[in-house]
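Chain and residue survey
Here's the letter readout for the chains.
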2 protein chains.
Amino acid sequence: MSQSQLDYSHDPSHESYDLIVRNDAPFNAEPTPPDLVKHYITPEKYFFCRNHGPIPLLDENEHTVEVRGIGCKEVKRLSLKEIKDYEKVSVMMVMEGNRRDGLHRVKHTKGVIWGPCALGNAVYSGCRLKDVLESLGVTSKLDNFSKLHVAFESVEQCEEDRCYGSSIPLAKALDEFGDVLLAYEMNYKPLTRDHGYPIRVVVPGYIGARSVKFLKSIVIQDQESSSFFQQRDYKILPESINTEEQANAYWTRLPAIGEYNVQSYVCIPADGVHSGPRPSEQVQGYALSGGGRFIQRVDVSGDDGKTWVTAQLYQPAAEGNSVHVWGWCLWTATIETKRNVRIVSRAVDSAGNIQQEYPIWNYRGVMNNSWRTVESNRLEQANI
Amino acid sequence: MSQSQLDYSHDPSHESYDLIVRNDAPFNAEPTPPDLVKHYITPEKYFFCRNHGPIPLLDENEHTVEVRGIGCKEVKRLSLKEIKDYEKVSVMMVMEGNRRDGLHRVKHTKGVIWGPCALGNAVYSGCRLKDVLESLGVTSKLDNFSKLHVAFESVEQCEEDRCYGSSIPLAKALDEFGDVLLAYEMNYKPLTRDHGYPIRVVVPGYIGARSVKFLKSIVIQDQESSSFFQQRDYKILPESINTEEQANAYWTRLPAIGEYNVQSYVCIPADGVHSGPRPSEQVQGYALSGGGRFIQRVDVSGDDGKTWVTAQLYQPAAEGNSVHVWGWCLWTATIETKRNVRIVSRAVDSAGNIQQEYPIWNYRGVMNNSWRTVESNRLEQANI
């Protein structure tokens with residue numbers, strides 16, 4: 001559906017937000033780097049908004065979610081009231097989709113030019129998707145279990161497809177420690193329309209694209225979602241793929257992204273450089289990794305990577321926790337800075353994965369986790 | 001215990017192996033790079049051996065494994081016969097401990113100087129640790145579950161501690177999709193003494209150090225193993241820690257390594273360079289990642305990273321599999337090579353993690369996953 005056919009006149013006002021708008025319609029916006037790291041739990045005012053079409057106008061008293069497919073003993077239409085009858089649990093997790101700008105600077109990429117702040121750390125509450133599926137008879141004993149997926153569809157009409165859709169492995173949905181929720185609250189308040197009212201999926205440890213908002217259906221099936229957003233969007237194409245035509249011939253050869261990679265960013269100073277040399281400057285930023293991996297170390301450099309100091313980490317969920325950590329890490333470091341030299345961070349996650357120095361370009365501009373890039377006109381001496 | 005007090009006279013003969021011996025006593029050895037990638041399932045002849053002391057002489061008719069601790073309704077001594085009464089399952093997985101040499105070249109590291117071939121891909125068979133623990137009453141409903149661990153002790157006496165020991169999170173042990181086994185077979189034959197006869201733990205997706213051989217006890221406890229090998233060995237120290245004294249003050253501040261990071265290596269040509277320029281040369285190598293993440297792409301360069309081609313991957317377990325992939329990926333690529341210029345590979349795992357170009361040194365020399373390094377005297381033009 002082309003943009004001209006979609007009606008954005010019912011989108012909510014975003015006046016109470018303090019965000020940089022990347023696109024008005026569909027509404028896509030993110031906070032500034034310093035605002036992002038002000039709070040460990042990101043308030044809605046500073047929480048990035050990601051949409052692919054007009055924001056639906058739904059009523060929680062009328063909305064239902066259909067659940068069906070392989071292993072389900074019946075087709076079930078769940079009202080919000082029925083969803084709230086399942087045990088209520090809360091999960092703190094990062095919602096993420098991020099940093100296309102760094103790759104776009106290398107070469108043109110396709111998509112909204114997200115900066116480094118299209119992520120936020122929130123507490124979502126709702127019922128476990130696992131509980132809903134198990135109540136319909138879905139278990140890991142199903143034939144060919146490892147090849148089954150849970151597909152989600154949204155009410156959201158999109159520019160790229162008839163509606164937003166995505167899927168996750170059934171094993172993730174049924175994982176006792178996977179924490180996939182059907183959420184109706186964010187930060188202990190009912191979801192707002194911008195964040196998926198009245199009901200959304202949240203998939204901890206996976207890219208935000210899998211956490212489908214305005215949820216209308218859940219289907220167990222023997223293949224991934226056929227949606228544009230699963231098949232031809234969030235995949236890491238090789239550097240050699242430069243055009244839509246080349247991409248179209250390549251999509252099926254690649255896996256859809258699920259878990260995200262290790263990431264960190266210098267948020268204060270906002271532009272990643274200081275105009276004067278300072279012997280002792282406090283810098284701040286965030287770090288995170290996918291799949292429940294926590295951050296074990298962040299190194300910070302005030303001389304573009306020649307020397308490093310170890311940052312102080314704030315990541316309470318990782319303390320003594322031996323299962324998964326879905327929340328992020330905020331860090332601070334005191335470093336010596338030089339005049340107009342890039343300040344960079346590199347995070348090491350609990351599996352020893354490390355950020356690389358240079359971005360590897362890909363056509364869709366996804367999963368960029370290089371060291372922070374800085375506008376070259378701000379620099380006197382740096383390697384990028 | 002110092003080396004002089006341990007008796008290696010009963011170690012088995014290793015004459016049938018085709019391995020480079022890194023240390024005679026304890027016996028530590030690995031294959032050459034070309035041998036390693038000859039087979040998708042690594043035969044024992046080419047399978048690295050890792051020991052910290054003399055190889056125990058045990059009899060499977062007499063050996064028992066004690067299981068006890070938090071949540072166990074009794075202290076249980078399991079004979080091998082009883083272990084074989086549990087359902088038998090097989091798991092293909094990589095056993096890994098690797099590439100200290102790359103960091104040792106940067107600066108002295110502590111430990112056996114492993115090359116790039118201290119890993120192998122095998123099929124292990126045995127019973128699920130989960131089944132054993134559940135039969136004793138251990139479940140995820142235990143209080144403070146996320147802070148519980150399963151500690152393993154070995155019969156193996158060690159140079160560094162009274163015996164080999166290690167632990168994993170109880171959540172990994174009980175994970176329905178975690179595939180932790182008490183294994184008594186490797187590649188469909190009874191374990192040999194070199195690989196843990198009569199019984200060992202195998203922990204897919206984790207560094208080999210957690211897969212304890214010659215298993216004598218399993219204890220559920222509210223802290224990690226107190227063993228040297230959990231507390232003061234396999235951890236990634238910051239670059240600034242250079243001495244034993246500095247390390248001793250730092251160990252408790254760091255997490256023990258569990259899952260390993262994304263990795264790949266050029267195995268053919270064996271030395272990572274060609275002496276002549278060749279327009280079309282086939283190169284081969286391996287790639288893998290921890291935590292069940294599979295390899296989605298391997299890029300290969302014949303000009304030290306200036307240009308890249310996409311390798312052909314052989315990784316059958318990843319085909320249509322939406323759960324975990326514990327086996328490795330073998331790859332081939334046809335590239336143009338230059339005279340004495342480094343050939344390198346970089347793998348991208350399913351979570352988008354990528355190998356970095358340069359190693360980040362750490363005192364214990366662990367988790368090195370930089371691009372392949374090459375002896376500089378072999379090179380005419382390269383950046384390392």
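In this text, all values refer to a predicted model and were calculated from it rather than measured experimentally.

**Describing the domain arrangement of chain A**
Residues and elements named next belong to chain A. Along its sequence, chain A is carved into domain 1 (19–249) and domain 2 (263–381). Computed from C-alpha coordinates alone, the two centres of domain 1 and domain 2 are separated by 26 Å. On the side of domain 2, 41 residues touch domain 1, which itself brings 45 residues to the contact. Buried surface at the junction of domain 1 and domain 2, summed over both partners, amounts to about 3700 Å²; 63% is from carbon and sulfur atoms. When the buried area of domain 1 at its contact with domain 2 is split by residue, Tyr40, Arg99 and Leu103 rank highest and sum to 22% of it. At the boundary of domain 1 with domain 2, the tally comes to 1 salt bridge.

**Looking at the environment of Ser90 of chain B**
Residues and elements named next belong to chain B. Counting through the fold element by element, Ser90 comes out in strand β5 (residues 89–96). For the pair formed by Ser90 and Glu185, sequence separation is 95 residues and the distance between their alpha carbons is 8.9 Å. Leave out the neighbours within four places in its chain, and Ser90 touches Val123, Tyr124, Ser125 and Tyr188. A polar contact of 2.6 Å, which involves the side chain of Ser90, links it to the side chain of Ser125.

**Some words on the packing of aromatic side chains**
One pass over the structure, following the stated rule, counts 18 aromatic pairs over all chains. Ring geometry for Tyr286 of chain B and Trp328 of chain B: centres 5.9 Å apart, planes at 15 degrees, overall stacked. With a gap of 42 residues between them, Tyr286 of chain B in strand β14 (residues 278–288) and Trp328 of chain B in the loop between β17 (312–314) and β18 (329–337) connect regions that are remote in the sequence. Judged on exposure class, the residue Tyr286 of chain B and its partner Trp328 of chain B are both buried. An aromatic cluster is built from Phe47, Phe48 and Trp114 of chain A, whose rings are joined through pairwise contacts.

**Considerations on the UniProt feature "domain: Moybdenum cofactor oxidoreductase dimerisation" (unreviewed entry) in chain A**
Per the UniProt record, the feature "domain: Moybdenum cofactor oxidoreductase dimerisation" (unreviewed entry) sits at residues 256–374 of chain A. Between the end C-alpha atoms of residues 256–374 of chain A there is a gap of 29 Å, over a span that is 0% helix and 37% strand.

**Some remarks on the side chain of Asn121 of chain A**
Residue and element names in this part refer to chain A. Within the secondary structure, Asn121 sits in strand β6 (residues 119–128). From its side chain, Asn121 meets the backbone nitrogen of Trp328 in a polar contact 3.4 Å long. Setting aside its immediate chain neighbours within four residues, Asn121 contacts Tyr40, Ile41, Thr42, Phe47, Met92, Met93, Val94, Gly327 and Trp328.

**A short note on the UniProt feature "domain: Oxidoreductase molybdopterin-binding" (unreviewed entry) in chain A**
The sites that carry the UniProt feature "domain: Oxidoreductase molybdopterin-binding" (unreviewed entry) are, in the present numbering, residues 52–228 of chain A. A distance of 11 Å separates the end C-alpha atoms of residues 52–228 of chain A, which is 15% helix and 32% strand.

**Re unusual backbone geometry**
Between Ala25 of chain A and Pro26 of chain A the backbone carries a cis peptide bond, its omega angle lying at 0 degrees. Its place among the elements puts Pro26 of chain A in the loop between β1 (20–23) and β2 (28–30). Ile268 of chain A connects to Pro269 of chain A through a cis peptide bond whose omega is 10 degrees. Look at Asn144 of chain B: it is not a glycine, yet its phi comes out positive at around 55 degrees. Within the secondary structure, Asn144 of chain B sits in the loop between α4 (129–135) and β7 (149–154). The residue Met367 of chain B is not glycine, and still its phi comes out positive at about 60 degrees. Structurally, Met367 of chain B is set in the segment after β19 (344–349).

**Structural notes on the interface of chain B and chain A**
Each partner contributes residues to the interface: chain B has 45 residues there, and chain A has 46 residues. Approximately 3700 Å² of surface area, both sides summed, lies buried where chain B meets chain A, with 50% of it carried by carbon and sulfur atoms. At the junction of chain B with chain A, the criterion picks out 2 salt bridges. A salt bridge links Arg346 of chain B to Glu239 of chain A; its shortest N-O distance comes to 2.9 Å. Along the contact surface separating chain B from chain A lie 12 residue pairs in polar contact (both at pLDDT 80 or more).

**A closer look at the relation of the copies chain B and chain A**
With an RMSD of 0.0 Å, the operation that places chain B on chain A is a rotation of 180 degrees combined with a shift of 0.0 Å along the axis. On this basis, the relationship between the two copies can be described by a two-fold rotation axis. Minimal C-alpha separation from the rotation axis in chain B is found for Gln356 of chain B, amounting to 2.4 Å.

Calculation rules
Residues numbered from 1 in each chain as written. Chains lettered and ligands numbered in written order. Predicted model: local features only at pLDDT ≥ 70, side-chain atom pairs only at ≥ 80, totals over all residues. Heavy atoms only, no water. Domains from an automatic or database assignment. Contact = heavy atoms within 4.5 Å. Buried area = accessible area lost by both parts, 1.4 Å probe. Salt bridge = Lys/Arg side-chain N within 4 Å of Asp/Glu carboxyl O. Helix = DSSP H or I, 4+ residues; strand = E, 2+ residues; numbered from the N terminus. Polar contact = N/O pair within 3.5 Å; in protein donor to acceptor, adjacent residues only side chain to side chain. Phe/Tyr/Trp six-rings, centres within 6.5 Å; stacked < 30°, edge-to-face > 60°. Buried < 20%, exposed > 50% of the residue type's maximum accessible area, 1.4 Å probe, protein only. UniProt positions renumbered as here; feature names shortened; annotations may be inferred. Least-squares fit on C-alpha atoms with pLDDT ≥ 70 in both.

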